[in-house]
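Structural overview
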Amino acid sequence: MHAGLGLSGSADMSPPSSATDSDFEHIEWHAYSGGIDQRPDAPEVHEGPEDRRVATPAVLPAVSEAARADVPSMRNQGMLEAEERELRRAIHQLHTFPETGQPTSSQLDPRERPIRIYAGRIFDSPEATFLPHRVLTVSEASGLIIDVQSYNPDEIEHNATALFANSKAIDLRAHTLLPGFVDAHVHFFLRPYAETSWEDQLTKESLAERTVRATVHARRTLLAGFTTVRDLGTEGAADADIALRKALSGPAALVPGPRYFCANRAIVSTGSYGPKSAVLVNKEGIDGITGAEAADGIAGCVRAVRRQVGAGADWIKIYADYRVRSRVAPASIAASRAAIPTFSLEEVKAMVDTAHRAGVKVAVHTTNDETVHALTRGPELRGSRPDSIEHGTAFQQPDDHRHTDSSAPGPGVDPQQHPITWVPTLAAHYTLGSEPGGAWERSARAFRSALHAGADDLACGGDTGVFAHGDNALELRLMAALGAAPARVLRWATLGGWRCVRSRAWEGDAGRARLARVGELREDARVVGDNEVPFGVLGAGFAADIIATRGDLEGNFAAAVHRDSICFVMKGGRIYKRNGVEVPVT
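Chains are numbered independently. Their residues run from 1 in the order of the written sequence. Reporting in this predicted model follows two pLDDT cut-offs: at least 70 for local features of residues, and 80 or more for side-chain atom pairs to be given and counted; totals over whole chains, interfaces and linings ignore these cut-offs and use all residues. No hydrogens and no water enter the side-chain calculation; it runs on all heavy atoms of the structure.

A few points about the overall build of the protein
Definition in use: Only DSSP runs of H or I reaching four residues or more are called helices, and only runs of E reaching two or more are called strands; each is numbered from the N terminus. For every residue, the accessible area obtained with a 1.4 Å probe (protein chains only) is divided by the maximum for its type, and the residue is called buried under 20%, exposed over 50%, and partly exposed between those limits. By definition, residues are in contact when any of their heavy atoms lie within 4.5 Å. Shrake-Rupley sampling with a 1.4 Å probe provides the accessible areas, and residues are treated as covered by the protein chains on show and by no other component.
Looking only at helices and strands, one finds 19 helices and 19 strands in the protein. Classification of the 586 residues of the protein by burial places 58% in the buried group. Excluding contacts between residues fewer than 6 apart, the proportion of contacts in the protein whose partners are at least 24 apart in sequence is 72%. Total accessible area computed for the protein in this model is approximately 22,700 Å², and 52% of it derives from carbon and sulfur atoms.

Below, the structure written as structure tokens:
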């Protein structure tokens, strides 16, 4: 058995070499009580010589008050307080439905027969709570939620036969409705390394094959309840994500899949990334295939960002550190595994500033504690911070992002800059396994510490592709396993996901003003585009990205978010899964 985490409480959370669904089948997860365990009446799990159950230490490491101040809650940050108020105001200023059940909104075409979804309860993502007996009215034409109202369950039950004979009325009274989940870190052009190694996928599979596989991955992801993803790099598939986004978008999408935000090729420094030839050691890539675009120097870095923005990237991804010296492994194992900085801070600043001026956000891959600190706390990047940190195990929110409502941003601070989102990618670390003291142990320890300190600027992104597409909820399950309350995880997977992946047009004062007008139902995808609509909230004016689970989110969170429990999926007002069965695209 692998060694445990060495924290107070000796329970083992060592990952298997590859996680499978069977690893979770018999486990009742009690995240809201600080961890997971097996109830006395649950069957024991034995998997040969190695028990793959996941368990969590009962006692979390102590965190000082100073540490709590370093990792503030989202709700305590002035920059987001105004947005929180506007968000609540927007979703509570709902259109009134009189007794006739007909919408009064002038935004709804009087000729349209809207869909009405009757839910046993819904998840209120801004408040991270559940609201019972709600009916959602959805416009298929605009793809927006028109209204959310409470209903009398006795009256609906009395009239159920006649009411649900109407094809536009959907009975989900036995289920919980949630905003569609967001996976903020996927790679649609990759599949599990246990099937085929990363290098073989890049160098032995054609672009056509990888693209076809990507469409399969998109469908599986949507049917699992993830209605939005952010793809952080094609990993050798060049610009195929731009074409895939086109195929997934619009009312006449060619293939079913989630809203698709893409980062094109990603950017690395020369010599730092793979695939690497064993013969031509000073040459980038193999047979002309590189896992990302190499750039060096301020001018070269700016050029790479401009090129990818011009190609159509929604995001820019930068590898700020990596295992650059991997080829010294035969002689120096530790050096070959060490993540070292790939760019100077001046180069990073130039890339961030260039992207932000173009209205594009920046995600940074980093696993080195010093790099994380420089990116999030270092004075050199004040006013030029990235928008999300991927993986980083020493994440802290920068001081210059904590403004009060009455304060003006400090010198050099981007007025549109919002708190950095941390995407811990626990699922990838868990799936790949780890030796004692390795990436999984560090990431699990960092997540617990951040959770205990009150961190809330998180999004759920598992680095999906390292493990199977469609199993995206593994990230949510691990967050709960490490002690996060179910409602908190659901908030990160919905509203937190939108806040992370949305465009910069939704940030700052202009974004808050735009949010305040969401209830006017003007954010129609036919007008603003699929990736500009607001989502992650079940409220009037937000995208009708709606899923339902038949599971018990408080009693067995892991099962409730599993793809097999997701019985209904709607994206943009279109139904893709109903009664647990895929609805064919016509």
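Picking up where we left off.
A look at the sheet that holds strand E7 (residues 259-262)
Rules: Any two strands are treated as partners once DSSP identifies two or more bridges connecting them. Between N-to-C directions, angles span 0 to 180 degrees; the directions come from axes that are lines fitted to C-alpha atoms, helices contributing only their stretch in contact.
Spatial strand order, E5-E6-E7: three strands in an open sheet with parallel pairing. At either end of the open sheet lies a strand with only one pairing partner, and these are strand E5 (181-186) and E7. Ignoring which end each strand starts from, the neighbouring axes of this sheet average 15° apart.

Some details on the layout of surface pockets
Rule in force here: For each structure, a 1 Å grid was placed over the protein atoms alone; sets of points admitting a 1.4 Å probe that cannot get out are labelled cavities, open sets with protein on both sides within 12 Å along at least five of seven lines are labelled pockets, and lining residues have an atom within 4 Å of a point. Grid points are joined across faces, edges and corners, and a volume is the space filled by probe spheres set on the points.
In this structure, the largest pocket encloses a volume near 1,300 Å³. Lining the largest pocket are 41 residues, and of these Tyr322, Arg323, Arg337, His365 and Leu432 sit closest to its centre. When residues of the lining of the largest pocket are traced back to their parent elements, those giving at least two are helix H5 (198-204), strand E10 (315-319), strand E11 (321-322), helix H9 (333-337), helix H12 (426-432) and helix H13 (439-453).

Side note on the packing of helix H14 (residues 474-481) against helix H15 (residues 486-493)
We count it as follows: Handedness of a crossing follows from how the near helix is turned relative to the far one, being left-handed for an anticlockwise turn of less than a right angle and right-handed for a clockwise one. Residues are grouped as follows: Ala, Val, Leu, Ile, Met, Phe, Trp, Tyr, Cys and Pro are nonpolar; Asp, Glu, Lys and Arg are charged; all remaining types, including Gly, are polar.
It is at 9 Å that the axes of H14 and H15 come closest, and there the two elements cross at 145°. Handedness of the crossing formed by H14 with H15: right-handed. Between H14, through Leu476, Met479 and Ala480, and H15, the contact on the second element is made entirely by Val489, Trp492 and Ala493. Among the residues making up the contact of H14 with H15, the classes are represented as six nonpolar, no polar and no charged.

Quick notes on the packing of aromatic side chains
So the rule is basically this: Planes of paired rings set the category: under 30 degrees apart is stacked, over 60 is edge-to-face and the rest tilted, where pairs are Phe, Tyr or Trp rings (Trp by its six-membered ring) whose centres lie within 6.5 Å. Put simply, a charge is over a ring when the Lys NZ or the Arg CZ is close to the ring centre, within 6 Å, and near the line of the ring normal, within 35 degrees.
Within the structure shown, the criterion is met by 15 aromatic pairs. Taking 5.7 Å as the distance between ring centres and 90° as the angle between the ring planes, the aromatic pair formed by Tyr319 and Tyr322 counts as edge-to-face. When its relative accessible area of 3% is taken as the criterion, Tyr319 is described as buried. Taken together, the ring pairs connect Phe261, Trp498, Trp506, Phe535 and Phe542 into an aromatic cluster. Taking the ring centre of Trp315 as reference, the NZ or CZ of Arg230 above it sits at 4.4 Å.

Thoughts on unusual backbone geometry
A cis geometry characterises the amide bond from Gly274 onward to Pro275, with omega recorded as -5°. Mapped onto the elements, Pro275 comes out in the loop between strand E8 (267-268) and strand E9 (293-294). Even without being glycine, Asn264 reaches a positive phi, approximately 55°. By the element assignment, Asn264 lies in the loop between E7 and E8. At Asn579, a position not held by glycine, the phi torsion is positive, near 55°.

Remarks on the packing of helix H8 (residues 297-311) against helix H10 (residues 345-357)
As a reminder, the rule being used: Throughout this description, any angle smaller than 35 degrees is read as roughly parallel, any larger than 145 degrees as roughly antiparallel, any in the 65 to 115 degree range as roughly perpendicular, and the remainder as oblique.
At a closest axis distance of 9 Å, the pairing of H8 and H10 adopts a crossing angle of 30°. With respect to each other, H8 and H10 are oriented roughly parallel. Between H8 and H10 the crossing geometry is right-handed. On H10, the residues touching Gly297, Ile298, Cys301, Val302, Val305 and Arg306 of H8 are Glu346, Glu347, Ala350, Met351, Thr354 and Ala355. Of the residues assigned to the contact of H8 with H10, the class counts are seven nonpolar, two polar and three charged.

Quick look at the pairing of strand E2 (residues 129-138)
Note that strand E1 (residues 115-124) and E2 share nine bridges and pair antiparallel. Each residue of the ladder has a partner; that of Ile122, found in E2, is Leu131. Hairpin remark: E1 followed by E2, antiparallel, with four residues in the connecting loop; positive phi at Ala128, about 55°. Pairing of E2 with strand E3 (residues 145-150), which is carried by five bridges, proceeds in the antiparallel orientation.

Brief notes about the side chain of Arg134
Keep this limit in mind: Only four residue types enter the charge count: Lys and Arg as positive, Asp and Glu as negative, with His and the chain ends excluded. We define a salt bridge as a side-chain nitrogen of Lys or Arg found within 4 Å of a carboxyl oxygen belonging to Asp or Glu. As used in this structure description, the phrase polar contact means that two N or O atoms lie within 3.5 Å; if the pair is within protein, one of them must be able to donate a hydrogen and the other to accept it, and residues adjacent in sequence are counted only when both atoms belong to side chains.
Summarising the element assignment, Arg134 is placed in strand E2. Buried charge without a salt bridge: Arg134, with Asp124 as the nearest opposite-charge side chain at an N-O distance of 7.4 Å. A polar side-chain atom of Arg134 sits 2.6 Å from the main-chain carbonyl oxygen of Pro132. Beyond its immediate stretch of four places on either side in the chain, Arg134 contacts Ile117, Tyr118, Ala119, Ile122, Val148, Gln149, Ser150 and Tyr151.

Comments concerning the pattern of salt bridges
Tallied over the entire structure, the rule returns 25 salt bridges. The partner of Asp509 in a salt bridge is Arg512, with the nearest N and O atoms 2.6 Å apart. Of this pair, Asp509 and Arg512 are both found in helix H17 (residues 508-516), three residues apart, which corresponds to roughly one turn of the helix. Each member of the salt-bridge network shares a partner with another, and the members are Glu157, Asp171 and Arg173.

A look at the nonpolar core
Where we set the bar: Working definition of a nonpolar core: buried Ala, Val, Leu, Ile, Met, Phe, Trp, Tyr and Cys residues. They are joined through side-chain atoms within 4.5 Å.
In this structure, Phe181, Phe447, Leu476, Leu490 and Trp492 are the most contacted members of the largest nonpolar core, which totals 63 residues. Counting residues per element, this core draws most heavily on H13, at six residues. Among all residues touching Phe447, those that are not within four sequence positions of it are Trp422, Pro424, Leu426, Leu458, Met479, Leu482, Ala484 and Trp492. Formed by 22 residues, the second largest nonpolar core is a distinct cluster that contains Ala263, Ala363, Val518 and Phe542.

Some remarks on the sheet that holds strand E17 (residues 566-571)
Read from one edge to the other, the open sheet built from eight strands follows the order E3-E2-E1-E4-E16-E17-E18-E19, with strand pairing classed as mixed. Two strands in the sheet have a free side with no partner beyond their single neighbour: E3 and strand E19 (581-582). The pairing of strand E18 (residues 574-578) with E19 spans two bridges and is classified as antiparallel. Bridging from a neighbouring strand, Arg578 pairs with Val581 of E19.

Some points on the confidence of the model for the protein
Short version of the rule: Across the chain, each position has a pLDDT score giving the predictor's confidence in that residue, from 0 to 100.
With 78% of its residues at a pLDDT of 70 or more, the protein shows a mean pLDDT of 82. Between residues 16-76, whose pLDDT stays under 50, and residues either more than four places distant or in other chains, the model counts 153 contacts. Counted against residues more than four places away or in other chains, residues 94-106, with its pLDDT under 50, gives 26 contacts.

Quick notes on H8
Heads up, the rule is: One less than the residue count of a helix, multiplied by 1.5 Å, gives the span that helix is expected to have.
Taking 1.5 Å per residue as the helical rise, H8 with its 15 residues ought to reach 21 Å, and the 21 Å between its terminal C-alpha atoms agrees with that figure. The inward-facing, buried residues of H8 contact E8, E9, E10 and H10. Once H8 ends, the next one or two residues include Gly312, with phi positive near 115°.

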